[in-house]
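Take a look at the letters that make up each chain.
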Amino acid sequence: MLLAVVSAGILVFSAALSLSLGRDPQKASAAGAAGAVIAAIIGLIPTVKILLYPAIETISFPCSLPTGSFTLVLDPLSAIFLLPVFILTAAAALYGLDYLKPMAGKKPLGTAWAMFNLLSAAMVLVLLSADAVPFLMGWETMAAASFALVVLEHEKPQVRKAGLIYLVAGGSGALFLLFMFSLLASPSGSVAFSSFLRPTGALASAVFICAVLGFGLKAGFIPLHIWLPEAHPAAPSHVSAVMSGVMIKMGIYGLLRVLVILGAPKEWWGWLLIVIGAVSAVAGVLFALAQHDLKRLLAWSSIENVGIITMGIGLGVLGQARSIPSLAALGYGGALLHVINHAFFKGLLFMSAGSVLHAAGTAELEALGGLLKKMPFTAFFFFFGSAAACALPPLNGFTGEFLIYLGAFNNIGPSSKAALPALIVITSLAATGALAVAAFAKAGGSVFLGEPRADSAEGPHDAGTMMKVAMAALAMLCAIIGLCSPFLIKPLAAAITPLAVSYPLLDAGVNMLYVSAGALTLIALILCVWALRSALSRGLPPVRGVTWDCGYAAPTARMQYGASAFTQPLTDFFQPLLRKARSYPAIAEYFPGTASFSTEARAVFYNHLYSPAGAQIKRLAFRYTWLQHGRLQFYILYIVIALIALLVWKL
Amino acid sequence: MTTLAELIIVAVILLNLSLAASGSLATCIRLAAAQGVIAALLPLLAGHGVPSGTIVFCCAVILLKGAIFPWLLTRARVKANVSRDAEPVIGYPASIILCLGAFAASSWLGTRLPLPETARVAWIVPASLSTIFTGFLLLTTRGKAITQVLGYLVIENGIYIFGLALFVEQPLMVEMAILLDVFVAVFVMGITIFHISREFDHIDTAELSQLGDWYPKQSGGEK
């Protein structure tokens, strides 16, 4: 426990160090990255220890905060989230060393590294806090530090817009959390988690709604997600990896922590979470399918995965409310496992997308192509991560979803008390999985396969050494978790004990053995086919040909199957939801001249929900402009009226 | 001795009314100064066995409020070429009625406020509250920048009396109020009014609103 606090201290110290070394970008980067890696190694010791030998450790600092106390608690639930935080921030720091190098001299790298480490420290604080005051301090620091990183390239107008949306989303989320904590604290008068009296009835539901809104804004529940597809592409890639991999999971952690505090949940909470999860997962992957920017696509895929996690939590809550232990344990367990898995594979994907952006100068899918030959390592890592993201065995993405599937399938029998929600989850998960394969086939195919489409893709280089090391580490973790999932069951069971009885999850360990065995068989099969192929093709000269020549006699690179063409049948089908802006040429003659075609993915929720609502609020506000007239005397009069009203009210 | 203190309280209340009714800037300055001076006499009368520190303190306050501030304000009025009129936004009868209303409200408030039993002089709390309200009245209904400063001074007089009612034994808070007083008088009036009148040839705050970040519709262009 003390070591976890020490690691947060190291993060803050190295943040200060890289800030003070800002003049010399190389030294600042070294200080920042070294701090992140050392802190991660130190922090992992207590985290792994708690996961292997479940216990609850508490540290209370004597310094008193306004209305709160500085109490930190490390329990298995926090440790499950701390694990990816430490691993991913260390990997991202290594990656950032190479990634930020070209920005030296142009951007304040000292500040960037300071903010990066501050973000990590804030996440550690959020996960360890057992009191609302340090929790909110960590929460706000996290939002502020990540905002600074999002607007690192603030000369681009799109980045500034993303920053503004992110700031507003973060602020409103924190507002809900403040309200939630004051509701929780109102009966006992103390803001320490341990002193919260278990609320009942309407108060409990109000707390839950505030938690869904406040934490959902961070986690990216649809329709609270609008900052995510803007901020993730705007941030530097290693920061996107951390934001998407672990920072949005702080919302999931908060929700789970509140569920622990609330105790016995109501049934409709589970329904609400299942619906939010199903909508986020399916709509998230559909919008991912429609995107034209690699990082934006990955951001939408993060929304999809948060949806999957939320469905798992929803099943857990429902299982708790209807006292179905197997549903509760497998739902929560699957959700937590997917939290870890998503952190690793999405980190890997954002890093390989960053390598593409770094090398080719663009992440625009329609402009890229044929990078497999120039960037074999990056391409391998991207396809590896994609396979994990599509929940394909033998990689890790499969394991978490498998637990959720298992929980749902156990409960669809005719005598089951939760057949309908289980069916909804199964169908949503299946649809999401299929659409994810399409989305990642589109992304990987248009970036790495075929021929280079534009000049910008002509002279790219593969990722730097540190970038490769970071990606290789994450890819290895994806494979290890995919193969060794039975070993994770015990720590997961420890983490869910405050929420549900854990024996059904321990029983599921047997099923996970089958998963591992199947994965090993699959790997053996792939190796056999590979060996057979090598044996058969031995001595034969390799033939070089065009990829995708589509039957043309003299194809050019521009005639390749494009990203939007690849997904057009699917996106057209879902056009009522996706609302893409499209213009097709109308071909009326036998020999048509030059024609152009365009399709644009639009921010549907922003345009159709938030923008009108914002305009309405603005109109309402403008009605009261007569209050702000520029006359000093009347401003003083307002103050006098407010003071007198307060005085009279208190009498 | 208490009788004398009560006489002073009555005088303070009457001065409030005259401040609300007076139309000449010079008179207003003198009235505010007079109020400050007689309020400064209060700690010398309220208790028995006045320590020498309090006497020095009162002399300093009397010097500041009775001599230095009126002199500075008059100098500002003359140098900035301000017309004699106080230019109230509302009429004098309305000002007087508001002032009387403020006094009535303060009397009610004085009975309702949960105050410690230190107030030995009758009416001291209502008088102080009504002085504060009169200061606010000057602030909100008079157009000139100088009357704004005067308003602050009158509010300060009220706070001073209120402080005396509660904290006769601990003059720290009262001294803090004096510091605020000096800040307002020297900084706001001395620097700001001179600069503004030099730049814009007037110190009417209604005209100065053009400088705000909010542009009324007639200025056009900007929203």
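The structure displayed is predicted, hence computed values, not measured ones.

**Re the overall build of chain A**
- Across its full length, chain A holds 25 helices and four strands.
- Over its C-alpha atoms chain A spans a radius of gyration of 26 Å, differing by no more than 12% from the 26 Å that the globule rule assigns to 651 residues.
- In terms of its C-alpha atoms, chain A occupies a principal-axis envelope of roughly 95 × 70 × 55 Å.
- Burial status across chain A gives 52% buried among its 651 residues.
- Of the contacts made within chain A by residues no fewer than 6 positions apart, 79% connect residues no fewer than 24 positions apart.

**Concerning the overall build of chain B**
- The number of helices and strands found in chain B is eight helices and zero strands.
- Along chain B, helices (α) and strands (β) appear in the sequence α-α-α-α-α-α-α-α when read from the amino end.
- Out of the 223 residues belonging to chain B, those deemed buried represent 39%.
- Sequence separation of 24 or more characterises 74% of the internal contacts of chain B that already satisfy a separation of 6 or more.

**Section: helix α7 (residues 201-219) of chain A**
Residue and element names in this part refer to chain A.
- End to end, α7 covers 26 Å across 19 residues, agreeing with the expected 27 Å (1.5 Å per residue, within 8%).
- Every buried residue of α7 is accounted for by Ala204, Val207, Phe208, Cys210, Ala211, Val212, Gly214, Phe215, Gly216, Leu217, Lys218 and Ala219.
- Tucked into the core, α7 has its buried residues touching α6 (157-185), α10 (249-262), α11 (267-290) and α12 (294-321).
- Remark: Gly220 follows α7 within two positions and exhibits a positive phi of approximately 90°.

**Some points on the nonpolar core**
- Counting 219 residues, the largest nonpolar core has Met123, Leu149, Leu348 and Cys478 of chain A as its most contacted members.
- With 22 residues, the single largest contributor to this core is helix α13 (residues 325-360) of chain A.
- Residues in contact with Leu149 of chain A, not counting those within four places in the same chain, are Ala112, Met115, Phe116, Leu119, Ala235, Pro236 and Val239 of chain A.
- Core analysis: the second largest hydrophobic core is formed by 47 residues, Ile29, Ala33, Phe69 and Phe133 of chain B among them.

**Examining the packing of helix α2 (residues 25-52) of chain A against helix α4 (residues 109-128) of chain A**
Residue and element names in this part refer to chain A.
- As a packed pair, α2 and α4 sit with axes 8 Å apart at the nearest point and diverge in direction by 15°. With respect to α4, the element α2 is oriented roughly parallel. The handedness of the crossing between α2 and α4 comes out as left-handed. Within the contact between the two elements, α2 uses Pro25, Ala28, Ser29, Gly32, Gly35, Ala36 and Gly43 and α4 uses Leu109, Gly110, Trp113, Ala114, Phe116, Asn117, Ser120 and Val124.
- Tallied by class, residues from the contact of α2 with α4 come to eight nonpolar, seven polar and no charged.

**Comments concerning the environment of Ser416 of chain A**
- By secondary structure assignment, the location of Ser416 of chain A is in the loop between α16 (397-409) and α17 (419-448).
- In this structure, the C-alpha to C-alpha distance between Ser416 of chain A and Gly171 of chain A, residues 245 residues apart in sequence, is 42 Å.

**Some points on unusual backbone geometry**
All names here are of chain A.
- Cis geometry marks the peptide bond from Ile222 to Pro223; its omega dihedral reads 10°.
- Turning to its location among the elements, Pro223 is positioned in the loop between α7 and α8 (228-234).
- At the junction of Pro393 and Pro394, the peptide bond is cis and its omega measures out at 10° in the coordinates.
- With respect to the helices, strands and loops of the structure, Pro394 is situated in the loop between α15 (376-389) and α16.
- Look at Ala391: it is not a glycine, yet its phi comes out positive at around 60°.
- Not every positive phi belongs to a glycine, and Arg579 is a case in point at roughly 50°.
- One can find Arg579 in the loop between α23 (575-578) and β3 (581-583).

**Structural notes on the environment of Leu406 of chain A**
- For Leu406 of chain A, the location among the structural elements is in helix α16.
- Leu406 of chain A sits 105 residues away from Asn511 of chain A along the chain, and the two C-alpha atoms are 8.9 Å apart.

**Some remarks on the domain arrangement of chain A**
- Here chain A is described as being made up of domain 1 (560-586 + 593-600) and domain 2 (604-650).
- Taken over C-alpha atoms, the centre of domain 1 of chain A sits 44 Å from the centre of domain 2 of chain A.

**Focus on the environment of Ala494 of chain A**
All names here are of chain A.
- Along the chain, the position of Ala494 falls in helix α19 (residues 485-496).
- The spatial distance from the C-alpha of Ala494 to the C-alpha of Ser120 is 25 Å, given a sequence separation of 374 residues.
- If we ignore the near neighbours within four places in the chain, the residues touching Ala494 are Leu51, Pro54 and Pro76.

**Some thoughts on the packing of α6 of chain A against α7 of chain A**
Residue and element names in this part refer to chain A.
- Two elements in contact, α6 and α7, have axes whose closest approach is 8 Å; the angle formed by their N-to-C orientations is 155°. Classified by the interaxial angle, the pair formed by α6 and α7 is roughly antiparallel. Between α6 and α7 the crossing geometry is left-handed. For the pair α6 and α7, contact is made by Ala169, Ser172, Gly173, Phe176, Leu177, Phe179, Met180, Leu183 and Leu184 and by Leu203, Ala206, Val207, Cys210, Ala211, Leu213, Gly214, Leu217 and Lys218, respectively.
- Here the contact of α6 with α7 is composed, by residue class, of 14 nonpolar, three polar and one charged.

**Side note on the confidence of the model for chain B**
Residue and element names in this part refer to chain B.
- Counting all residues, the mean pLDDT for chain B is 74, and 63% of those residues have values of 70 or more.
- In the model, residues 214-223 has pLDDT below 50 throughout and makes five contacts with residues more than four positions away in sequence or in other chains.
- The ipTM for the predicted assembly is 0.73, set against a pTM of 0.80.

Rules and cut-offs
By convention here, each chain's residues receive numbers from 1 onward along its written sequence. Each chain is given a letter, starting from A, and each ligand a number, starting from 1, according to the order in which they appear as written. Selection of residues for local features in this predicted model requires a pLDDT of at least 70, selection of side-chain atom pairs for listing and counting requires 80 or more, and totals for whole chains, interfaces and linings are taken over all residues. Secondary structure follows DSSP: runs of H or I at least 4 residues long count as helices, runs of E at least 2 residues long count as strands, and numbering of each begins at the N terminus. Based on C-alpha atoms, the radius of gyration is set beside the globule rule, defined as 2.2 Å times the residue count to the power 0.38. Whether a residue is buried, exposed or partly exposed follows from its count of other C-beta atoms within 10 Å of its own C-beta, namely 20 or more, 12 or fewer, or something in between, respectively; the C-beta atoms are built from the backbone. For the purpose of contact definition, each residue receives a C-beta atom placed from its backbone, and two residues are in contact when these atoms lie within 7 Å. For a helix, the expected span equals 1.5 Å multiplied by the residue count minus one. Only buried Ala, Val, Leu, Ile, Met, Phe, Trp, Tyr and Cys residues enter a nonpolar core, and they are joined through C-beta atoms within 7 Å. Here an axis means a line fitted to C-alpha atoms, over the contact stretch when the element is a helix, while the angle between two N-to-C directions is reported on a 0 to 180 degree scale. Working rule for angles: under 35 degrees goes down as roughly parallel, over 145 as roughly antiparallel, 65 to 115 as roughly perpendicular, anything else as oblique. The handedness criterion is simple: a crossing whose near helix is rotated anticlockwise from the far helix by less than a right angle is left-handed, and one whose near helix is rotated clockwise is right-handed. Gly is put with the polar residues, along with every residue not named as nonpolar or charged; the nonpolar set is Ala, Val, Leu, Ile, Met, Phe, Trp, Tyr, Cys and Pro, and the charged set is Asp, Glu, Lys and Arg. Boundaries of every domain are those given by an automatic assignment or by a domain database. pLDDT expresses, on a scale from 0 to 100, how confident the predictor is about each individual residue.

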